[in-house]
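Each chain, letter by letter, is given below.
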Amino acid sequence: MRRFLLAAMMLGAATAAQAADLSELPVLRGSYSDAPRTTNWAGFYVGGQGAYGSSNENFSGTNTNLLTPLLDHNVIQQMDVANWNLGLGKVSQHGSAFGGFAGYNWQFDDVVVGAEVSYLHGNFGGTSTASKELISSTALTDSFFHDVRVDSSASIKITDMATFRGRAGYAWGCFLPYIFGGVGFGNANISRSVTIYDSISTSALGPFSAPFVNGATDVRHNNLVVGYSGGLGIDISLMAGLFMRAEWEYARYTTVVDTSINTVRLGLGYKF
């Protein structure tokens, strides 16, 4: 009987010790942790994209350097033609584009940094025209009254845009929100013209002569314009290396015509 009691006590002690050891082991909660699994974004990637946006052009003062030489040693400058408000102002138009992107990511835990080139081909730009006519209130120094009209026009069309950018993002599960900034290049067709029509008379009431026409034109095809860009976006991992992208970019080109372009973009890419 004593032997039986001793054996039972030893078995109970061993069972209690084993239970204590098991209580210290971590508890498994299934195949996934509470936090979402972070996607590996490191490496090369390429993709295609489509865009829609608006371009804003400021044509004010665009043709000043064309008008000034036409007024040099011209008697009509006494009519303050150089300071006429010809109405070349701001223009906004919408456009669409398509293109691609390629880059490389470096990943440090949840932080992702990268370098990328983004390209779009489309049609962004605008046109502004203006005209003003004035008859001199008194005879000018040449003893004639002058009926002067000035026609002015300017246009810009940006067909290709490329951005070389650096970007930084935070990986959270299958999502990679990011910001970016860089230098932008564009291919633009720019056209500017100024034409002066000058008729003379010995009286303010006329009749006036046939107009003398003097003008200047500046046309630039495939002109390189340079600027800067910035924006934000998000990449979403779909499966394997396939990902989807949504992005907004602001680009500004400080060329002859001050132009800024805002675009929203959707893309599909693959990370190798």
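So, how was this worked out
- Residues numbered from 1 in each chain as written.
- Predicted model: local features only at pLDDT ≥ 70, side-chain atom pairs only at ≥ 80, totals over all residues.
- Heavy atoms only, no water.
- Helix = DSSP H or I, 4+ residues; strand = E, 2+ residues; numbered from the N terminus.
- Buried < 20%, exposed > 50% of the residue type's maximum accessible area, 1.4 Å probe, protein only.
- Polar contact = N/O pair within 3.5 Å; in protein donor to acceptor, adjacent residues only side chain to side chain.
- Patch = residues over 30% accessible without salt bridge, like charges linked within 9 Å, V, L, I, M, F, W, Y side chains within 5 Å.
- Areas by Shrake-Rupley, 256 points an atom, 1.4 Å probe, with all protein chains shown as cover.
- Salt bridge = Lys/Arg side-chain N within 4 Å of Asp/Glu carboxyl O.
- Arc of directions from axis to C-beta.
- Contact = heavy atoms within 4.5 Å.
- pLDDT = per-residue confidence, 0-100.
- Core = buried A, V, L, I, M, F, W, Y, C linked by side-chain atoms within 4.5 Å.

1. Some remarks on the side chain of Asn63
Consideration 1: Along the chain, Asn63 turns up in the loop between β1 (43–58) and α2 (64–71).
Consideration 2: You can call Asn63 buried: its relative accessible area is 6%.
Consideration 3: Among the polar contacts made by the side chain of Asn63, one reaches the side chain of Ser152 at a distance of 2.7 Å.
Consideration 4: At 3.4 Å, the side chain of Asn63 and the backbone oxygen of Ser193 are in polar contact.

2. With respect to a nonpolar patch on the surface
Consideration 1: Together, Trp106, Phe108, Val111, Tyr170, Trp172 and Phe175 make up an exposed nonpolar region whose accessible area comes to about 650 Å².
Consideration 2: Locating Phe108 in the fold gives a position in strand β2 (residues 90–108).
Consideration 3: Overall, the relative accessible area of 52% leaves Phe108 in the exposed class.

3. Regarding unusual backbone geometry
Consideration 1: Between Gly206 and Pro207 the backbone carries a cis peptide bond, its omega angle lying at 0 degrees.
Consideration 2: Its place among the elements puts Pro207 in the loop between β5 (175–201) and β6 (212–239).
Consideration 3: Here Asp80, not a glycine, exhibits a phi torsion of approximately 60 degrees, which is positive.
Consideration 4: Residue placement: Asp80 occurs in the loop between α2 and β2.
Consideration 5: With phi around 45 degrees, Ala240 is a residue other than glycine that occupies positive phi space.

4. Topic: the pattern of salt bridges
Consideration 1: For the structure on display, the rule yields 13 salt bridges.
Consideration 2: A salt bridge links Glu249 to Arg265, with the shortest nitrogen-to-oxygen separation between them at 2.2 Å. Placement of the pair is Glu249 in strand β7 (residues 242–254) and Arg265 in strand β8 (residues 258–271), with a sequence separation of 16 residues. One exposure class covers both Glu249 and Arg265, and it is buried.

5. Comments concerning α2
Consideration 1: Among the residues of α2, those classed as buried are Leu66, Leu67, Leu70 and Leu71. Projected onto a plane normal to the axis of α2, the buried residues spread over an arc of 125 degrees and lie on a single side.
Consideration 2: On the buried face of α2, the contacting elements are β5 and β6.

6. Quick look at the confidence of the model for the protein chain
Consideration 1: Mean pLDDT over the protein chain stands at 88; residues scoring 70 or higher make up 87%.
Consideration 2: Every residue in residues 1–33 is under pLDDT 50, and counting partners more than four places away or in other chains gives one contact.

7. A closer look at the nonpolar core
Consideration 1: Membership of the largest hydrophobic core comes to 35 residues, with the highest contact counts inside it found for Ile76, Val150 and Ile196.
Consideration 2: For this core, the secondary-structure elements that each account for two or more residues are α2, β2, β3 (111–135), β4 (145–170), β5, β6 and β7.
Consideration 3: For this core, the element with the most residues is β4, which contributes six residues.
Consideration 4: In this structure Ile76 touches Leu71, Val81, Leu140, His146, Val148, Ile196 and Asp198, once residues within four positions along its chain are discounted.

8. Comments concerning the environment of Thr68
Consideration 1: By the secondary structure assignment, Thr68 is in helix α2.
Consideration 2: Between the alpha carbons of Thr68 and Ala82 there is a distance of 6.7 Å; along the sequence they are 14 residues apart.

9. What to know about the side chain of Ser229
Consideration 1: With respect to the helices and strands, Ser229 occurs in strand β6.
Consideration 2: The class of Ser229 is buried, set by a relative accessible area of 7%.
Consideration 3: If sequence neighbours within four positions are ignored, Ser229 has contacts with Thr163, Gly181, Gly182, Glu249, Tyr250 and Ala251.

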